[in-house]
Amino acid sequence: MAGLASVARGMAVCLMVLASLAPAQEPPSAVGQLLKLYRSGKLPAARQPAVIEMICTRGNEHDLRVVLDKLLEPMGMAPAARVKAMAGLADAAATRKIKPAGDLAPLAKLLDAADPATRLAAVRLAAACGVASASPSLRQLAQSAEATPELRKAALQGLVTLGGEDNRQALQALCAAERPLATRLLAAAGLPAFAVPL
């Protein structure tokens, strides 16, 4: 009887070791069927923005990654769907604290978009997802005289969100007297978010 109990304990230990070695499974998806339809390529272009919005609103980090990967493809989405996808991903990061799984650094390349609405959405997405590699582009946009006021404001807010000494120094420089008043006010409003040693 003692031998049988010993064998049972040994098997239980082996099962626990095997279970710990098994790869972690993806969390269940609340949008599995929508994601399957979206991935199939059979979804009409007119319906894509609504489906993307639902995936971003209810999906987990792996579902959001599917949207992000499509977004990063040069011809992966129509312009309206791109803006909707970036807004949805930014909202998921800000409100649900869920970001796409994997490396988010490629998001920084979206900041070079020619379309103003796409560029604005990309700035907000990079900030919401905490993409530190976007900081140089955000600093450049915040200082650009050619940037729209809305884009400059989003870039300044992104610098505050991302934090860091370089971004604090950029905001401080934007408070200089030669800068437009609106830029100075936005930069000055963001400075208190940085911990400045006394």
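To be clear, the structure that these remarks concern was listed above.
Overview of the structure. One numbering rule holds for all chains: residues counted from 1, following each sequence as written. Whole-chain, interface and lining totals are the exception, using all residues; otherwise, since this is a predicted model, local features are given only for residues with pLDDT of at least 70 and side-chain atom pairs are given and counted only at 80 or more. Only hydrogens and water are removed before side-chain values are computed, so all heavy atoms of the structure are retained for them.

Moving on, we come to unusual backbone geometry. Look at K97: it is not a glycine, yet its phi comes out positive at around 60°. Relative to the assigned elements, K97 resides in the loop between α5 (79-96) and α6 (116-128). A relative accessible area of 65% means that K97 is categorised as exposed. Going along the chain from the N terminus, every DSSP run of H or I of four or more residues is numbered as a helix, and every run of E of two or more is numbered as a strand. Remark: exposure states derive from per-residue accessible area (1.4 Å probe, protein chains only) relative to the maximum for the residue type, with buried under 20%, exposed over 50%, and partly exposed in between.

To continue, consider helix α10 (residues 181-190). For α10, the set of buried residues is T183, A187 and G190. The arc that holds every buried residue of α10, seen down its axis, measures 60°, which confines them to one face. In α10, the exposed residues that point more than 90 degrees away from the buried face are L181, A182, L185 and A189. In what follows, a contact means two residues having at least one pair of non-hydrogen atoms within 4.5 Å. Buried positions along α10 lie against α7 (135-143), α8 (149-162) and α9 (165-173). By construction, the arc corresponds to the directions joining the helix axis to the C-beta atoms.

Bringing helix α4 (residues 61-72) into the picture now. An expected span of 1.5 Å times one less than the residue number is assigned to each helix. Here α4 is 12 residues long and its end C-alpha atoms lie 16 Å apart, about the 16 Å a rise of 1.5 Å per residue gives. Among the residues of α4, D63, L64, R65, V66, V67, L68, L71 and L72 are the ones counted as buried. Of the surrounding secondary structure, the elements contacted by the buried residues of α4 are α2 (32-40), α3 (48-58), α5 and α6. Side-chain atoms alone can form a polar contact between residues adjacent in sequence; in general such a contact is a pair of N or O atoms within 3.5 Å, and within protein one must be able to donate a hydrogen while the other accepts it. The distance from a side-chain oxygen at the start of α4 to the backbone nitrogen of H62 is 2.8 Å, and the residue carrying that oxygen is N60.

To continue, consider the environment of R82. Topologically, R82 is positioned in helix α5. When the C-alpha atoms of R82 and L71 are compared, they prove to be 6.3 Å apart, with 11 residues separating the residues in sequence. Filtering out sequence-adjacent residues up to four positions away, R82 remains in contact with L71, E73, P74, M77, L110 and T118.

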